[in-house]
Amino acid sequence: MTPLEKLVKEFKGIDKPHSHSFYLVMWIRQGSGTHTIDFKTYKVKPAQLYFLTPGQVHSWKLSPDIEGFNLFFDSHFFRGLYGNRLYQYPFFHSHQQLPLLEVGEESKRFGDLLTYAFEEYSQRQANRDEVFLSFVHILLESANRLYRQQLAGTEQQLYARVRQYEELLEEQFLSVRETRVYASQMGLTPNYLNHICKKVLNKTASQLLHDRLVIEAQRLLTHTTQSVKEIGFNLAFEDPSYFVRFFKKYTGQTPAEFREKLTAYR
């Protein structure tokens, strides 16, 4: 766990697009700017929590007066005591729900909780890991309660089904490209899977699959030196030209144009 203002000053290049192998919770106490996560940009302001999962690409442009915390942990640290609970939080493992929570009137409670957590982390007293993990658990559970309150009346049962579909996509999107196969795995008809995806996220099941493919393509274009043809092959597109057309359809630019703009930004 690190104060955000220290992180920004001491780590060079951290404002450039990069990814992590761990989970990240970012608390904005004060300041402004932008935070881009998986190529979507959010306006930074006080009393915000950002959530990132391993592999997500992010970058930021933060004001000089930025203050807050970055909290990092890997899945083994959390799952050792709380099992699969980590995978049930809506702000993690979702490419559709916002990776952002506006805490509003509860900013003091969240701010105090993170301050206490950092004190525990810094003081290195007996049983620090266990106590710090308790703070992380309380933070995530508190965020989960508030986040679900802000889901605007979405039926929890339907949301759980969409989460199940997203988890299956995460495991199989490279090999399974037909939504009817996912629906069958879930014990649903393809029409009903479409219905719940549209009701919860206003997107079809196919759109969610395509979104996941596009994000993976963007990650590979950002973090590897593979050619466009190689990336298309790794994403199971047998025809490179079809991969280019697919990417442009959903992003408005070709893979080469996307990479060129990224290089110019860097």
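Residues numbered from 1 in each chain as written. Predicted model: local features only at pLDDT ≥ 70, side-chain atom pairs only at ≥ 80, totals over all residues. Heavy atoms only, no water.

A.B. asks: In this structure, what is going on with the sheet that holds strand β1 (residues 2-3)? I would like to understand it.
C.D. replies: Backbone-to-backbone hydrogen bonds pair the strands of a sheet. The strands run either parallel or antiparallel. The strand order β1-β8-β3-β6-β9 describes an open sheet built from five strands, whose pairing is antiparallel. A strand with exactly one partner marks an edge of an open sheet, and here the two such strands are β1 and β9 (100-102). The pairing of strand β3 (residues 23-30) with strand β8 (residues 67-73) spans seven bridges and is antiparallel. Each bridged residue has a counterpart across the sheet, and for tyrosine 23 the counterpart in β8 is phenylalanine 73. (Pairing = 2+ DSSP bridges. Helix = DSSP H or I, 4+ residues; strand = E, 2+ residues; numbered from the N terminus.)

A.B. asks: What is the right way to read the environment of phenylalanine 258 from this model?
C.D. replies: Relative to the helices and strands, phenylalanine 258 is located in helix α11 (residues 255-265). The buried category is assigned to phenylalanine 258, whose relative accessible area is 8%. With 36 residues separating them along the chain, phenylalanine 258 and threonine 222 place their C-alpha atoms 8.9 Å apart. Ignoring sequence-local partners within four residues, the contact set of phenylalanine 258 consists of Phe39, Gln218, Leu221, Thr222, Phe247 and Gln253. (Buried < 20%, exposed > 50% of the residue type's maximum accessible area, 1.4 Å probe, protein only. Contact = heavy atoms within 4.5 Å.)

A.B. asks: Can you help me understand the sheet that holds strand β7 (residues 57-62) in this one?
C.D. replies: Strand order in the open sheet formed by four strands is β2-β7-β4-β5, and the pairing between neighbours is antiparallel. Bordering the open sheet on either side are β2 (18-19) and β5 (40-44), each of which pairs with just one other strand. The sheet contact formed by β2 and β7 spans two bridges and is antiparallel. Within β7, the position partnered with histidine 18 by the bridge is histidine 58.

A.B. asks: So what exactly am I meant to see when it comes to the packing of helix α2 (residues 75-82) against helix α4 (residues 128-149) here?
C.D. replies: A packed helix pair is summarised by two numbers, namely the angle formed by the two axes and the spacing between the axes. Two elements in contact, α2 and α4, have axes separated by 11 Å at closest approach and are oriented at 85 degrees. On the basis of their axis angle, the class for α2 and α4 is roughly perpendicular. Contacts from Phe77, Phe78, Leu81 and Tyr82 in α2 reach Asp129, Phe132, Leu133, Ser134, Val136, His137 and Leu140 in α4. In terms of residue class, the contact of α2 with α4 is built from eight nonpolar, two polar and one charged. (Axes fitted to C-alpha atoms, helices over the stretch in contact; angles between N-to-C directions. Parallel < 35°, antiparallel > 145°, perpendicular 65-115°, else oblique. Nonpolar A, V, L, I, M, F, W, Y, C, P; charged D, E, K, R; others polar.)

A.B. asks: Is there a simple way to explain the nonpolar core in this structure?
C.D. replies: The tendency in soluble globular proteins is for nonpolar side chains to be buried as a group. Among the nonpolar cores identified, the biggest contains 33 residues, and Tyr165, Tyr182, Leu193 and Leu235 are the most heavily contacted of them. Among the elements of the structure, α5 (156-172), α6 (179-185), α7 (190-201), α8 (205-223), α10 (240-251) and α11 are those that each provide at least two residues to this core. For this core, the element with the highest residue contribution is α8, accounting for eight residues. If near-sequence neighbours (up to four positions away) are discounted, tyrosine 165 is found in contact with Thr179, Tyr182, Met186, Leu193, Cys197, Ala205, Ser206, Leu208 and Leu209. (Core = buried A, V, L, I, M, F, W, Y, C linked by side-chain atoms within 4.5 Å.)

A.B. asks: Looking at this model, I keep getting lost on the packing of aromatic side chains. Mind explaining?
C.D. replies: The relation between two aromatic rings is expressed through the spacing of the ring centres and the mutual angle of the planes. All told, the structure shown has 22 aromatic pairs when counted by the stated rule. Summarising the aromatic geometry, the rings of tyrosine 23 and phenylalanine 92 are spaced 5.1 Å apart at their centres and angled 70 degrees between planes, so their arrangement reads as edge-to-face. Of this pair, tyrosine 23 sits in strand β3 while phenylalanine 92 is found in the loop between α2 and β9, placing the two residues 69 residues apart along the sequence. Judged by relative accessible area, which is 3%, tyrosine 23 ranks as buried. Judged by its relative accessible area of 0%, phenylalanine 92 falls in the buried class. Taking the centre distance of 3.9 Å and the plane angle of 20 degrees together, the rings of phenylalanine 51 and phenylalanine 91 count as stacked. With phenylalanine 51 in strand β6 (residues 48-52) and phenylalanine 91 in the loop between α2 and β9, this residue pair connects regions lying 40 residues apart in the sequence. (Phe/Tyr/Trp six-rings, centres within 6.5 Å; stacked < 30°, edge-to-face > 60°.)

A.B. asks: What's the story with the pairing of β3 in this structure? I'm lost.
C.D. replies: Sheet faces and side chains relate simply in a regular strand, where the side chains alternate between the two faces. Within β3, six of the eight residues are buried, leaving the element largely enclosed by the surrounding structure. Bridge count for β3 against β6 is five bridges, and the pairing is antiparallel. From the neighbouring strand, leucine 24 faces β6, where its bridge partner is leucine 52.

These values are about where atoms sit, not about what they do.
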